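Report on the structure
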Amino acid sequence: DQQVKQNSPSLSVQEGRISILNCDYTNSMFDYFLWYKKYPAEGPTFLISISSIKDKNEDGRFTVFLNKSAKHLSLHIVPSQPGDSAVYFCAASYNTNAGKSTFGDGTTLTVKP
Amino acid sequence: GAGVSQSPRYKVAKRGQDVALRCDPISGHVSLFWYQQALGQGPEFLTYFQNEAQLDKSGLPSDRFFAERPEGSVSTLKIQRTQQEDSAVYLCASSLVTGPQHFGDGTRLSIL
């Protein structure tokens with residue numbers, strides 16, 4: 001039973017437009033959510049996070065939205081750039097992120113020039 | 001280096017052999033995690049250390065898997081009597097007590 005789901009395996013967007021990546025979770029005990037970005041043959045790199053006490057967190061071109069009632073979060077990238085092309089993983093954890101994270105299976109984003 | 005270092009990057013072993021994977025975390029990072037990533041999937045938690053204490057090993061798939069961090073720094077993941085289903089990328093991550101995890105580039109293990 002997957003507790004964190006990314007239902008879109010891939011997404012293709014034109015350069016300059018908005019990319020929206022979605023993530024759903026089932027465990028209401030999760031209180032901290034993260035997005036990681038992964039290039040081929042490299043480990044995941046932390047991108048942005050959000051605590052369950054917030055509904056939005058912004059960092060430059062990246063914004064994460066959290067809807068606790070729907071158990072849904074999304075990552076918005078505006079404007080999208082070709083260098084954003086990578087696999088994006090959604091992750092969730094307990095105890096304000098002290099301890100393990102549970103990951104989704106990732107969404108491959110392709111930004112076309 | 002400044003990041004998490006894992007070695008070897010690639011490991012090929014015959015079924016039944018024992019393997020040892022090493023992780024050198026970021027200096028000062030208290031927490032260390034091991035994950036297993038199968039092709040096309042996200043990382044799956046194996047085990048977690050805080051300093052030298054193994055606080056959670058609920059993700060280890062069998063008693064063939066063993067991890068240690070004897071001095072609270074470098075960690076080793078050992079797999080005994082390897083099987084084909086052990087083939088995966090093994091990722092190590094470290095962090096402060098709370099906060100995002102910093103991942104190494106992984107060890108790609110292939111069992112023939």
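Data block above holds the structure.
If you're wondering where the values come from, they're calculated on a predicted model, not measured in any experiment.

1. Considering the pattern of salt bridges
Residue and element names in this part refer to chain B. The tally for this structure, following the rule as stated, stands at 4 salt bridges over all chains. When the shortest N-O distance is used, the salt bridge between E68 and K78 registers 3.4 Å. With E68 in strand β7 (residues 65-68) and K78 in strand β8 (residues 75-79), this pair connects stretches of sequence that are 10 residues apart. With a relative accessible area of 27%, E68 lands in the partly exposed category.

2. Let's talk about the pairing of strand β3 (residues 19-24) of chain B
Residues and elements named next belong to chain B. Only one face of β3 is covered, namely the face carrying V19, L21 and C23; the face carrying A20, R22 and D24 is uncovered. As defined by bridge partners, strand β1 (residues 5-7) adjoins β3 across 3 bridges and the pair is classed as antiparallel. Each bridged residue has a counterpart across the sheet, and for Q6 the counterpart in β3 is C23. Note: β3 against β8, 5 bridges, orientation antiparallel. Directly across from A20, in β8, lies its bridge partner K78.

3. Points about the state of the cysteines
Residues and elements named next belong to chain A. This structure, assessed with the given rule, holds 2 disulfides over all chains. Paired by a disulfide, C23 and C90 hold their sulfur atoms 2.0 Å apart. The disulfide joining C23 to C90 has a torsion of about -75° about its S-S bond and is therefore left-handed. Pair noted here: C23 is in strand β3 (residues 19-25) and C90 is in strand β9 (residues 86-93), with a separation of 67 residues, a long-range link.

4. Comments concerning the environment of A93(B)
Mapped onto the elements of the fold, A93(B) is located in strand β9 (residues 88-95). Along the primary structure A93(B) and D24(B) are separated by 69 residues, whereas in three dimensions their C-alpha atoms are 9.3 Å apart.

5. Some details on the side chain of T107(A)
Residue and element names in this part refer to chain A. Along the chain, T107 falls in strand β11 (residues 107-112). According to the relative accessible area criterion, T107 is buried, its value standing at 2%. In this structure the side chain of T107 is engaged in a polar contact, spanning 2.6 Å, whose partner is the backbone oxygen of S8. Beyond its immediate sequence surroundings of up to four residues, T107 is in contact with Q6, S8, P9, S10, L11, L21, A86, V87 and Y88.

6. Brief notes about the pairing of strand β4 (residues 32-38) of chain A
All names here are of chain A. For β4, the tally of buried residues reaches 7 of 7 residues, placing the bulk of the element in the interior. With burial as the criterion, each face of β4 is covered, one bearing Y32, L34, Y36 and K38 and the other bearing F33, W35 and K37. Two elements, β4 and strand β5 (residues 45-51), share 6 bridges in a ladder whose sense is antiparallel. Within β5, the residue paired with L34 across the bridge is S49. Sheet topology places β4 next to β9; 7 bridges connect them, and they run antiparallel. Bridge pairing links F33 to A92 in β9.

7. Observations regarding the environment of P113(A)
Its place among the elements puts P113(A) in the segment after β11. For the pair P113(A) and K37(A), spaced 76 residues apart in sequence, the C-alpha to C-alpha distance is 19 Å.

8. Some points on the sheet that holds β1(B)
All names here are of chain B. If you walk across this open sheet you meet the 4 strands as β1-β3-β8-β7, and the pairing is antiparallel. In this open sheet, the two strands that pair with only one neighbour each are β1 and β7. Direction aside, neighbouring strands of the sheet carry axes that sit 15° apart on average.

9. Focus: the interface of chain B and chain A
Chain B puts 21 residues into the contact, and the matching count from chain A is 18 residues. Both faces considered, chain B and chain A share a buried interface measuring about 1,500 Å² in area, 56% of it formed by carbon and sulfur atoms. Between chain B and chain A we count 0 salt bridges in total. One can count 6 residue pairs in polar contact (both at pLDDT 80 or more) joining chain B with chain A. Listed by contribution, the elements that provide at least two residues to the side of chain B that touches chain A are β4 (31-37) and β5 (44-50) of chain B.

10. Topic: the layout of surface pockets
Its boundaries defined by the atoms lining it, the largest pocket holds a volume of some 490 Å³. What lines the largest pocket is a set of 28 residues, and nearest its centre among them are K38(A), Q37(B), L39(B), V89(B) and R108(B). Among the elements of the structure, β9 and β11 of chain A together with β9 and β11 (107-111) of chain B are those that each provide at least two residues to the lining of the largest pocket. If you tally residues by element for the lining of the largest pocket, the top one is β11(B), at 4 residues. Broken down by class, the residue content of the lining of the largest pocket amounts to 12 nonpolar, 10 polar and 6 charged. Of the pockets and cavities examined, the second largest pocket occupies roughly 360 Å³. Taken together, 18 residues make up the lining of the second largest pocket; nearest its centre are T102(A), F103(A), P43(B), E44(B) and F45(B). Taken together, the elements giving at least two residues each to the lining of the second largest pocket come down to β10 (101-103) of chain A together with β5 of chain B.

Analysis parameters
- Residues numbered from 1 in each chain as written.
- Chains lettered and ligands numbered in written order.
- Predicted model: local features only at pLDDT ≥ 70, side-chain atom pairs only at ≥ 80, totals over all residues.
- Heavy atoms only, no water.
- Salt bridge = Lys/Arg side-chain N within 4 Å of Asp/Glu carboxyl O.
- Helix = DSSP H or I, 4+ residues; strand = E, 2+ residues; numbered from the N terminus.
- Buried < 20%, exposed > 50% of the residue type's maximum accessible area, 1.4 Å probe, protein only.
- Pairing = 2+ DSSP bridges.
- Disulfide = S-S within 2.5 Å.
- Polar contact = N/O pair within 3.5 Å; in protein donor to acceptor, adjacent residues only side chain to side chain.
- Contact = heavy atoms within 4.5 Å.
- Axes fitted to C-alpha atoms, helices over the stretch in contact; angles between N-to-C directions.
- Buried area = accessible area lost by both parts, 1.4 Å probe.
- 1 Å grid on protein atoms, 1.4 Å probe; cavity = no way out; pocket = protein on both sides within 12 Å on 5 of 7 lines; lining within 4 Å.
- Points joined across faces, edges and corners; volume = space filled by probe spheres on them.
- Nonpolar A, V, L, I, M, F, W, Y, C, P; charged D, E, K, R; others polar.

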